[in-house]
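Residue-level listing of the chains:
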Amino acid sequence: MDGSARLYSESSRITPGGVSSPVRKFEPNPLFISKGEGCIVTDVDGNEYIDLCMAYGPLITGHSHPVVMDAVREQLSKGTVYGAPSEPELELLRKLTTNLPSADMARLSCSGTEATMHAIRTARGFTGRNGVVKMNGGFHGAHDAVLVKAGSGSAEGMPSSKGVPQGATQYTRTVEYNDAQMMSDLLEKDRDIACVIMEPALGNVGVVPPEKGYLEEVRKITSENDVVLIFDEVINGFRLSDGGAQKRYGVTPDMTTLGKVIGGGFPAGAFCGKREIMELVAPQGPVYVAGTFAGNPVSAAAGLAQIGLMESDDNYRKLEDRSDRLVGAIRDSMRDNGVQGCVNSVGSMFAVYFGPTEVRNGSDAEKADRQMFGRMFRYALDNGVYLAPSALEDCFVSIAHDDDAISRLETVFTGFMESVRQ
Ligand SMILES: *Cc1c(COP(=O)(O)O)cnc(C)c1O
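Please read these numbers as outputs of a predicted model, since none were measured by experiment.

This part covers unusual backbone geometry. A cis geometry characterises the amide bond from Glu-27 onward to Pro-28, with omega recorded as 0°. Along the polypeptide, Pro-28 turns up in the loop between helix 1 (3-14) and strand 1 (33-37). Along the chain, Ala-282 connects to Pro-283 via a cis peptide bond; the corresponding omega equals 5°. With respect to the element layout, Pro-283 can be found in the loop between helix 9 (275-278) and helix 10 (297-311). Even without being glycine, Asp-313 reaches a positive phi, approximately 65°. Residue classification places Asp-313 among the exposed residues on the basis of a relative accessible area of 56%.

Structure below.
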């Protein structure tokens with residue numbers, strides 16, 4: 001038995017499923033990682049893999065970038081948490097409110113889940129309404145109000161998890177992404193909607209980019225109905241540009257949630273918005289939100305260092321060029337080998353779907369062939385590439401994926417498509 005299998009047999013006895021978050025599990029056992037450096041992760045048995053999972057998004061500058069590590073060490077020498085305001089947190093707040101068009105004010109949290117939970121509460125407090133509209137296939141963390149089954153627009157939301165009371169999801173409605181008409185019909189009929197929460201580019205059913213004009217329509221519909229538009233940029237933020245998807249697409253929401261990249265590999269989150277909305281947050285206003293580790297100075301130092309790196313040296317453009325090259329090679333090899341499916345991408349995130357030749361919303365993504373994905377995952381692993389184990393997750397490219405790594409990835413993806421040639 002190898003080291004990962006041995007550790008997993010122990011962990012699966014003492015934590016449910018043997019993992020700390022469900023998507024990490026795969027058969028026969030997940031790899032236990034002992035080191036991450038640049039674009040490479042090493043497992044406890046000493047096997048090295050080019051990482052395209054990249055912790056599901058935070059590591060846009062790669063694992064343990066020396067500049068990020070130095071910033072962390074510098075902060076560590078001064079302490080880890082104070083329970084009082086500190087300069088790193090102020091500096092991160094400054095960065096968010098400067099870069100994001102929607103952010104007059106921001107509040108830091110420790111995770112994306114907290115950020116979306118608090119943003120929804122704030123939107124409800126601001127409007128005095130209850131309803132929450134999300135996209136089919138939109139993921140906003142693991143709290144009750146957003147754990148709903150996809151259903152038809154106006155139907156009462158049903159919990160997608162045991163343990164979530166029906167009362168917690170009864171105000172949640174689901175609409176299809178890239179379908180502005182469906183959203184418009186719902187908002188005009190249901191006058192109790194507080195907010196629409198959505199990823200500008202979906203990143204939790206693989207990657208689904210907004211069609212031309214869609215986000216502009218969403219902005220118009222929500223404004224006309226006085227509904228708070230929340231862009232959940234936990235993945236998109238500081239990945240799709242230094243001002244997030246909202247800057248890339250030129251559409252400004254009322255509120256924004258952030259996480260992943262802004263923590264530089266440490267736990268972090270934030271929600272931001274217009275001044276008149278954010279002023280409702282405690283202690284300035286009556287919407288209660290709190291956290292022992294919120295605004296953690298180590299996370300802030302790491303996040304700032306990572307964002308600083310991305311803003312220098314034309315790094316966003318370089319990153320996207322490399323990502324585009326890889327995506328182009330995968331598309332070509334699918335076509336050349338007659339493999340049915342498509343590759344969706346935005347910036348440095350992409351997803352390979354087997355089966356559907358077009359994926360423009362959550363329902364299309366659901367049709368993807370998971371068994372074929374499983375085969376690709378296994379082939380990649382056997383050839384030194386670590387993908388997110390579950391289908392409908394994304395591949396994330398970082399600035400640490402240099403030309404050599406991209407070439408190696410092209411070879412592995414092409415090799416797989418040849419092996420399943422039709
Ligand atoms: C990851 C993610 C979250 C949850 O963030 P955590 O830090 O895992 O709690 C929320 N929204 C989106 C869009 C995400 O991708």
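This paragraph deals with the layout of surface pockets. The volume enclosed by the second largest pocket comes to roughly 440 Å³. Lining the second largest pocket we find 22 residues, and of these Glu-89, Arg-107, Gly-291, Ala-294 and Gly-295 sit closest to its centre. Within the residue set of the lining of the second largest pocket, elements represented by two or more residues are helix 3 (87-99), strand 4 (105-109) and helix 4 (112-127). Taken together, the residues that form the lining of the second largest pocket break down as 11 nonpolar, eight polar and three charged.

For the rest of this paragraph, the subject is the pattern of salt bridges. Going through the model one piece at a time under the given rule, you end up with 23 salt bridges. Among the salt bridges present, the one from Lys-318 reaches Asp-313, with a minimum N-O distance of 3.4 Å. For Arg-378, the salt bridge goes to Asp-382, with nearest N and O atoms at 3.8 Å. With Arg-378 and Asp-382 both in helix 13 (residues 370-382) and four residues apart, the pair spans about one turn of that helix. Exposure remark for Asp-382: the relative accessible area of 57% places this residue in the exposed category.

Criteria and thresholds
Counting from 1, residues in each chain are numbered in the order their sequence is written. Per-residue local features of the predicted model are confined to residues with pLDDT of at least 70, and side-chain atom pairs are confined, for both listing and counting, to 80 or more; whole-chain, interface and lining totals are unaffected and use all residues. Side-chain calculation: all heavy atoms of the structure are included, whereas hydrogens and water are not. The way it works is that DSSP assigns letters per residue, a run of H or I at least four long becomes a helix, a run of E at least two long becomes a strand, and they are numbered from the N terminus. Classification of residues uses two cut-offs on accessible area relative to the type maximum, computed with a 1.4 Å probe and protein chains only: under 20% is buried, over 50% is exposed, and between them is partly exposed. The distinction between a cavity and a pocket rests on a 1 Å grid over the protein atoms alone: a 1.4 Å probe fits inside a cavity but cannot get out, while a pocket stays open yet meets protein on both sides within 12 Å along at least five of seven lines, and a residue with an atom within 4 Å of a point counts as lining. Grid points are joined across faces, edges and corners, and a volume is the space filled by probe spheres set on the points. Ten residue types, Ala, Val, Leu, Ile, Met, Phe, Trp, Tyr, Cys and Pro, are classed as nonpolar, four, Asp, Glu, Lys and Arg, as charged, and the remainder, Gly among them, as polar. Salt bridge, as used here, is a side-chain nitrogen of Lys or Arg placed within 4 Å of a carboxyl oxygen of Asp or Glu.

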